[in-house]
Amino acid sequence: AEEVYKFYSANPKPLILDCGANIGLSVIYFKKLFPKSQIVAFEPDTLIFEKLKSNILEFGFDGVELVKKALWEKETTMSFLAEGTLGGRLVETEEISSDSRIFSIPTVRLKDYLTKSVDFLKIDIEGAEYQVISDCADSLQNVRFLFIEYHSVATEKQMLNEILSIITRAGFRYYIREASRNVQHPFLDSNKNWFDLQLNISCYRRSVI
């Protein structure tokens with residue numbers, strides 16, 4: 001009940017983009033917060049998407065568009081590793097080509113959804129956030145509130161400083177807190193998890209507080 005997505009809007013029908021909706025708990029929360037909100041929810045995993053769709057139908061929500069695609073820096077087809085409700089991620093096929101949990105999925109650009117004012121943008125896309133944020137950097141001025149769950153992949157360069165630079169240039173202030181304690185002893189255990197750092201980055205504009 002930490003309500004990390006809680007935000008204020010004078011608009012009774014705020015537009016919310018939920019990137020990485022999973023089974024729909026965030027969509028349910030947004031609809032409880034703003035019953036008349038318009039939500040576009042993205043979830044690429046086939047099994048999880050079906051559960052997401054079922055949950056939305058069960059609650060009888062109006063104004064929710066479900067998109068069965070992954071967010072990326074261009075429209076293409078990529079390989080996706082399904083990891084159940086813990087979340088899946090885009091992968092390089094040649095790295096783990098024998099894994100039966102890998103399948104092809106279509107991708108879409110977030111930038112194409114930022115051509116108009118967006119009240120709240122949530123990005124929790126399991127390590128693809130830098131590519132997506134970088135691609136739509138010039139469109140972030142259309143976003144009022146932004147939530148990013150940053151995932152640091154242990155085998156790749158950390159991109160936190162680049163992400164913070166992009167959101168700062170877009171006019172946001174930010175508040176950061178730990179999303180998950182993946183590493184208990186950083187000097188000993190930093191290579192034992194796929195994600196060696198997960199942070200919640202809440203971005204807001206001083207003028208609207």
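Calculation rules
- Residues numbered from 1 in each chain as written.
- Predicted model: local features only at pLDDT ≥ 70, side-chain atom pairs only at ≥ 80, totals over all residues.
- Heavy atoms only, no water.
- Helix = DSSP H or I, 4+ residues; strand = E, 2+ residues; numbered from the N terminus.
- Areas by Shrake-Rupley, 256 points an atom, 1.4 Å probe, with all protein chains shown as cover.
- Phe/Tyr/Trp six-rings, centres within 6.5 Å; stacked < 30°, edge-to-face > 60°.
- Buried < 20%, exposed > 50% of the residue type's maximum accessible area, 1.4 Å probe, protein only.
- Core = buried A, V, L, I, M, F, W, Y, C linked by side-chain atoms within 4.5 Å.
- Contact = heavy atoms within 4.5 Å.
- Polar contact = N/O pair within 3.5 Å; in protein donor to acceptor, adjacent residues only side chain to side chain.
- Expected span 1.5 Å × (residues − 1).
- Arc of directions from axis to C-beta.
- Pairing = 2+ DSSP bridges.
- Axes fitted to C-alpha atoms, helices over the stretch in contact; angles between N-to-C directions.

Some words on the overall build of the protein chain
Of the regular secondary structure elements, the protein chain holds five helices and 11 strands. About 11100 Å² of surface is accessible on the protein chain, with carbon and sulfur atoms providing 49% of the total.

Some words on the packing of aromatic side chains
As enumerated under the stated definition, the model contains 10 aromatic pairs in all. Plain terms: the ring middles of Phe7 and Phe120 are 4.7 Å apart, the flat faces sit at 25° to each other, and that makes the pair stacked. Pair noted here: Phe7 is in the segment before β1 (15-19) and Phe120 is in strand β8 (residues 118-123), with a separation of 113 residues, a long-range link. Look at Phe7 and you get buried, because its relative accessible area is 9%. Arranged with centres 5.8 Å apart and planes meeting at 50°, the rings of Phe7 and Phe145 form a pair that is tilted. Of this pair, Phe7 sits in the segment before β1 while Phe145 sits in strand β9 (residues 143-153), placing them 138 residues apart in sequence. Ring pairs connect the aromatic residues Tyr5, Phe7, Tyr29, Phe30, Phe34, Phe120, Phe145 and Phe147, which therefore count as one cluster.

Side note on the nonpolar core
Counting 34 residues, the largest nonpolar core has Leu110, Leu114, Leu121, Leu140 and Leu146 as the members making the most contacts within it. Elements represented by at least two residues in this core include exactly β1, β2 (38-42), β4 (70-72), β8, α3 (129-135), β9, α4 (160-169) and β11 (195-204). Of all hydrophobic cores here, the second largest spans 19 residues; its members include Ile16, Ile28, Phe49 and Val64.

What to know about the environment of Ser9
Along the polypeptide, Ser9 turns up in the segment before β1. With relative accessibility at 9%, the residue Ser9 sits in the buried group. The spatial distance from the C-alpha of Ser9 to the C-alpha of Asp119 is 7.5 Å, given a sequence separation of 110 residues. With residues near it in sequence (within four places) discarded, Ser9 still touches Pro14, Phe34, Asp119 and Arg144. Among the polar contacts made by the side chain of Ser9, one reaches the main-chain amide nitrogen of Asn11 at a distance of 3.1 Å.

Regarding helix α2 (residues 46-59)
Taking 1.5 Å per residue as the helical rise, α2 with its 14 residues ought to reach 20 Å, and the 20 Å between its terminal C-alpha atoms agrees with that figure. Three or more residues of α2 are buried, namely Ile48, Phe49, Leu52, Asn55 and Ile56. All buried residues of α2 project into a common sector of 125° when viewed along the axis, lining one side. Exposed positions of α2 whose direction lies more than 90 degrees from the buried face are Leu47, Leu57 and Glu58. Buried positions along α2 lie against α1 (25-33) and β3 (64-67). Looking at where α2 begins, the residue whose side-chain oxygen comes 3.1 Å from the main-chain nitrogen of Leu47 is Asp45. Among the residues trailing α2, Gly60 stands out with phi positive, at a value near 70°.

Things to note about the sheet that holds β9
Strand order in the open sheet formed by seven strands is β3-β2-β1-β8-β9-β11-β10, and the pairing between neighbours is mixed. Because the sheet does not close on itself, it has two edges, and the strands there are β3 and β10 (173-180). Across this sheet, the average inter-strand angle for adjacent strands is 15°, counted without regard to direction. Across five bridges, β1 lies against β2 in parallel orientation. Residue pairing for β2: Ile16 is matched across the bridge by Ile39.

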